[in-house]
Amino acid sequence: MFPLGIEPYLIGGILTGLGASLIYIMTGLHATQSSFFTTTLSWFSKLAHFQEERNIKERDWRLILALGLISGALIYTFTFSPTGLWVTGVDLWRLALGGLLVGFGTRLSNGCTSGHGISGLASLSTTSLYAVLTFMGFGIITAHLLQFLGVV
Amino acid sequence: MNARNIAVYIGGVLFGFGLAYSGMTKQEIVLSFLRLQDLGLIFVMGGAAVITFFAINVVPRFMKAPMFGGVFKPRVSVLTRNTILGAVIFGVGWGVSGQCPGSAVASLGTGNWPVIIGLMGMFLGAYMRGRFIKG
């Protein structure tokens, strides 16, 4: 069940939660991630969906949040990481197709692993609980199906 | 940079460091969770949610408002058909690629360049949602 142990997961999760908590306590903002795509697109698309006032208002800090995430992972890579720089071996077609579905699905659902999974559950939102159970269930089914079909 | 944005950046650094520390920036580890070979991801999401639970539900009892402006407001939303339909589509994409938005963005900081392809897909998917779905 835990071939790599529990500590890296638990410590990493606590640090991630502390980051989200710091942002909430200082600013009242929820450090959720999938909205970043929508707010960033407001710089490029004139569609009303992207030009909504809250997207324009949020796009600066959401970009700053994304840069923070990249910086934090970069710091880890050059300090605590046992492997240093790391590149995935997952096929590019899977990253591309999966990414497309992730972008469409999270924006349709109004949340992702951080929006529903961290901030939503932490807010005791039943909507988020249903969303988490749904994406976990379909993620598990899909991964097993691909494995069954020999895509590794 | 105002105080609010500096706080967002520093919180983001912690958030991204935590995601990398927990291995979530490695798509293989996320996929091993979804294949039920390594259940560690539960502790990442659970650990983060429990800590954030205190920030959202307990801290506001001792503080009137966030330090740098804004208001304390839990993240609650109305359950709609799209909440579930979107979560189904997200789940399939998660199972295909092992990527989710936050871990994919953070993953760039580990030098994981192929995920740029995944992020381009996410931007395109988010665009298609705005272009083709009302509301």
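Residues numbered from 1 in each chain as written. Chains lettered and ligands numbered in written order. Predicted model: local features only at pLDDT ≥ 70, side-chain atom pairs only at ≥ 80, totals over all residues.

**Points about the overall build of chain A**
Item 1. When helices and strands are counted, chain A shows seven helices and zero strands.
Item 2. Based on the C-alpha atoms only, the size of chain A along its principal axes is roughly 45 × 35 × 35 Å. (Helix = DSSP H or I, 4+ residues; strand = E, 2+ residues; numbered from the N terminus.)

**Remarks on the overall build of chain B**
Item 1. Helices and strands together make up the secondary structure of chain B, namely six helices and zero strands.
Item 2. From first element to last, N terminus to C terminus, chain B shows the α and β order α-α-α-α-α-α.
Item 3. Its C-alpha atoms put chain B at 45 × 40 × 35 Å along the principal axes.
Item 4. Looking at the 135 residues of chain B, the share that counts as buried comes to 57%.
Item 5. For chain B, the proportion of contacts with a sequence separation of at least 24, taken over those separated by at least 6, is 50%. (Buried ≥ 20, exposed ≤ 12 C-beta atoms within 10 Å, placed from the backbone. Contact = placed C-beta atoms within 7 Å.)

**Side note on the packing of helix 6 (residues 115-122) of chain A against helix 7 (residues 126-148) of chain A**
All names here are of chain A.
Item 1. Taken N-terminus to C-terminus, the directions of helix 6 and helix 7 make an angle of 150 degrees; their axes are 8 Å apart at the nearest point. The angle between the axes of helix 6 and helix 7 places the two elements in the roughly antiparallel class. Crossing geometry of helix 6 relative to helix 7 is assigned as left-handed. Across the interface between the two elements, H116, G117, G120 and L121 from helix 6 touch S128, L129, A131 and V132 from helix 7.
Item 2. Grouping the amino acids of the contact of helix 6 with helix 7 by side-chain chemistry returns four nonpolar, four polar and no charged. (Axes fitted to C-alpha atoms, helices over the stretch in contact; angles between N-to-C directions. Parallel < 35°, antiparallel > 145°, perpendicular 65-115°, else oblique. Left-handed = near helix turned anticlockwise from the far one by under 90°. Nonpolar A, V, L, I, M, F, W, Y, C, P; charged D, E, K, R; others polar.)

**Observations regarding the interface of chain B and chain A**
Item 1. Taken together, the 106 residues of chain B in the interface contact 107 residues of chain A.
Item 2. Secondary-structure elements contributing two or more residues to the side of chain B that touches chain A are helix 1 (3-21), helix 2 (27-34), helix 3 (41-57), helix 4 (81-97), helix 5 (101-107) and helix 6 (115-132) of chain B.
Item 3. With 17 residues, helix 1 of chain B is the largest single contributor of residues to the side of chain B that touches chain A.
Item 4. Grouping the constituent residues of the side of chain B that touches chain A by class yields 63 nonpolar, 34 polar and nine charged.

**Examining the nonpolar core**
Item 1. Membership of the largest hydrophobic core comes to 80 residues, with the highest contact counts inside it found for A:I23, A:A73, A:L101, A:F135, B:F17 and B:F90.
Item 2. The dominant element in this core, judged by the number of residues it contributes, is helix 1 (residues 7-27) of chain A, at 10 residues.
Item 3. Excluding residues within four positions of it along the chain, B:F90 makes contact with A:L101, A:V102, A:G105, A:T106, A:S109, A:C112 and A:F135. (Core = buried A, V, L, I, M, F, W, Y, C linked by C-beta atoms within 7 Å.)

**Side note on the confidence of the model for chain B**
Item 1. Per-residue pLDDT for chain B has a mean of 97; in total, 100% of the residues score no lower than 70.
Item 2. Here the complex is predicted with pTM 0.97, and the ipTM for its interfaces comes to 0.97. (pLDDT = per-residue confidence, 0-100.)

**Observations concerning the environment of A:R94**
Item 1. As for its position among the elements, A:R94 is in helix 5 (residues 92-109).
Item 2. On the basis of neighbour count, A:R94 is assigned to the buried category, with 23 C-beta atoms found within 10 Å.
Item 3. Taking C-alpha positions, A:R94 is 26 Å from A:L65, a pair spaced 29 residues apart along the chain.
Item 4. Ignoring any residue separated from it by four or fewer positions in sequence, one finds A:R94 in contact with B:V96 and B:S97.

**Overview of the packing of helix 7 of chain A against helix 4 of chain B**
Item 1. Contact pair helix 7 of chain A / helix 4 of chain B: the axes reach a minimum separation of 7 Å and the direction vectors enclose 35 degrees. In this structure, helix 7 of chain A meets helix 4 of chain B at a crossing whose hand is right-handed.
Item 2. Of the residues in the contact of helix 7 of chain A with helix 4 of chain B, the class split is 16 nonpolar, eight polar and no charged.

**Brief notes about helix 1 of chain A**
Residue pairs three or four apart in sequence face the same way in an α-helix, which turns once every 3.6 residues.
Item 1. The terminal C-alpha atoms of helix 1 of chain A lie 30 Å apart, and with 21 residues this matches the ideal 30 Å at 1.5 Å per residue to within 8%.
Item 2. In the segment just after helix 1 of chain A, A:G28 is the residue with positive phi, at about 80 degrees. (Expected span 1.5 Å × (residues − 1).)

**A few points about helix 3 of chain B**
Item 1. The end-to-end C-alpha distance of helix 3 of chain B, which contains 17 residues, comes to 24 Å, matching closely the 24 Å that a straight helix rising 1.5 Å per residue would cover.
Item 2. Of the positions making up helix 3 of chain B, those classed as buried are B:L41, B:F43, B:V44, B:M45, B:G47, B:A48, B:A49, B:I51, B:T52, B:A55 and B:I56.
Item 3. Turning to helix 3 of chain B, the residues buried within the fold contact helix 1 and helix 6 of chain A together with helix 2 of chain B.

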